[in-house]
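# Observations on the three-dimensional arrangement
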Amino acid sequence: MPSLRLGNTAPDFEAETTAGPIRFHEWIGNSWAILFSHPGDFTPVCTTELGEVARRADDFAKRNVKVIGISANGLEDHNKWVKDINDFGASYGPTNVQFPIIADKDRKISTLYGMLDEQDATNRDAKGLPFTIRTVFVIDPKKVIRLTLAYPASTGRNFNEILRVVDSLQLGDKHRITTPVNWNKGDDVIVHPSVANDEAKVLFPEVTFHKQPYLRTTPLKDSE
């Protein structure tokens, strides 16, 4: 099937997870969702990543974001691995994996989302079947894909960056703004190009008009 793109509807599916069976769209409900894949259970980089996601549970919750992992292993392995993740993660802070992890031993969901590793010949199971790469899908409450990221199996993800993008997307949905390079929550934002100058003065009383006519910046007080 064609690769999934920004603006596509995230494919729905049924799956067994460590939190019980789910239908994906129903599980998302009216929340945002982050679906993130892992090459395999009992692997070092993945263990550090899932521990970090568990420790950031409050950061996701206050943004109305549900997180769900997936790897090409069964539930028995997932449940054993969670104990390792919590044990290792405890050296960094209290770690308790509560989010679901999808069992995708047959790679059906990984194939549906284009997650399988077509590059790294070492990222295979004993039968030679490819594991997944480190993909990330940010999906909004309308079930639309808003962000995709793909990391190689050798490189752990930066969840500060993923949360930063969620903040940008959520603010952009609420206000007629975009966010500049290296933006973080609380920094000035850019007035959306579709907003005329006169309207910008009304919507954003503290707007700054720059020498470049297409650049208007403003603080956004409720971005805190």
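Coordinates for the structure precede this section.
Presented here is a report on the structure given in the accompanying data block. This is a predicted model, so every value here is computed, not measured. (Residues numbered from 1 in each chain as written. Predicted model: local features only at pLDDT ≥ 70, side-chain atom pairs only at ≥ 80, totals over all residues. Heavy atoms only, no water.)

Turning to the nonpolar core, a few remarks are in order. Ile 34, Phe 36, Phe 60, Val 67, Phe 99 and Val 138 are the most contacted members of the largest nonpolar core, which has 25 residues in total. Elements supplying a minimum of two residues to this core: β3 (32-38), α2 (44-55), β4 (65-71), α4 (75-89), β6 (134-139) and α6 (159-174). Element by element, the count of residues in this core is highest for α6, at 6 residues. Excluding residues that lie within four positions of it along the chain, Phe 36 makes contacts with Leu 50, Val 53, Val 67, Ile 68, Gly 69, Ile 70, Phe 99, Thr 135, Val 136, Arg 157 and Phe 159. Core analysis: the second largest hydrophobic core is formed by 19 residues, Ile 28, Ile 68, Ile 70 and Ile 102 among them. (Core = buried A, V, L, I, M, F, W, Y, C linked by side-chain atoms within 4.5 Å. Buried < 20%, exposed > 50% of the residue type's maximum accessible area, 1.4 Å probe, protein only. Helix = DSSP H or I, 4+ residues; strand = E, 2+ residues; numbered from the N terminus. Contact = heavy atoms within 4.5 Å.)

As a further point, take the environment of Ser 71. Along the polypeptide, Ser 71 turns up in strand β4. For the pair formed by Ser 71 and Asn 197, sequence separation is 126 residues and the distance between their alpha carbons is 49 Å. Not counting residues up to four positions away in its chain, the partners in contact with Ser 71 are His 38, Gly 40, Asp 41, His 78, Ile 102, Ala 103 and Asp 104.

Attention now goes to the sheet that holds strand β11 (residues 216-218). The antiparallel open sheet is built from 4 strands, whose spatial order is β8-β9-β11-β10. Either end of the sheet is taken by a strand with one partner, and the two such strands are β8 (177-178) and β10 (208-209). Where strand β9 (residues 189-191) and β11 come together, 2 bridges link them in antiparallel fashion. Across the sheet, Val 189 pairs through a bridge with Thr 218, a residue of β11. (Pairing = 2+ DSSP bridges.)

Running from amino to carboxyl end, α2 crosses α4 at an angle of 75°, the nearest separation of the two axes being 9 Å. With respect to their mutual orientation, α2 and α4 come out roughly perpendicular. Seen from α2, the contacting residues are Cys 46, Thr 47, Thr 48, Leu 50, Gly 51 and Arg 55; seen from α4, they are Trp 81, Ile 85, Phe 88 and Gly 89. Here the residues of the contact of α2 with α4 are counted per class, giving 5 nonpolar, 4 polar and 1 charged. (Axes fitted to C-alpha atoms, helices over the stretch in contact; angles between N-to-C directions. Parallel < 35°, antiparallel > 145°, perpendicular 65-115°, else oblique. Nonpolar A, V, L, I, M, F, W, Y, C, P; charged D, E, K, R; others polar.)

Turning to the packing of aromatic side chains, a few remarks are in order. The geometry of two aromatic rings is summed up by the distance between their centres and the angle between their planes. A full pass over the atoms with the stated rule returns 8 aromatic pairs. For the ring pair Phe 88 and Tyr 92, a centre distance of 5.7 Å and an interplane angle of 55° mean the geometry is tilted. Ring plane angle 80° and centroid distance 5.1 Å describe the contact between Tyr 113 and Phe 137, whose orientation is recorded as edge-to-face. One end of the pair, Tyr 113, is in the loop between α5 (108-112) and β6; the other, Phe 137, is in strand β6, with 24 residues separating them in the sequence. Taking the relative accessible area as the measure of exposure, Phe 137 reaches 5% and is therefore buried. Following the ring pairs from residue to residue traces out a cluster consisting of Phe 13, Phe 24, Trp 27, Tyr 113 and Phe 137. The lysine or arginine in question, Lys 66, covers the ring of Trp 27, its NZ or CZ lying 5.4 Å from the ring centre. (Phe/Tyr/Trp six-rings, centres within 6.5 Å; stacked < 30°, edge-to-face > 60°. Lys NZ or Arg CZ within 6 Å of the ring centre and 35° of its normal.)

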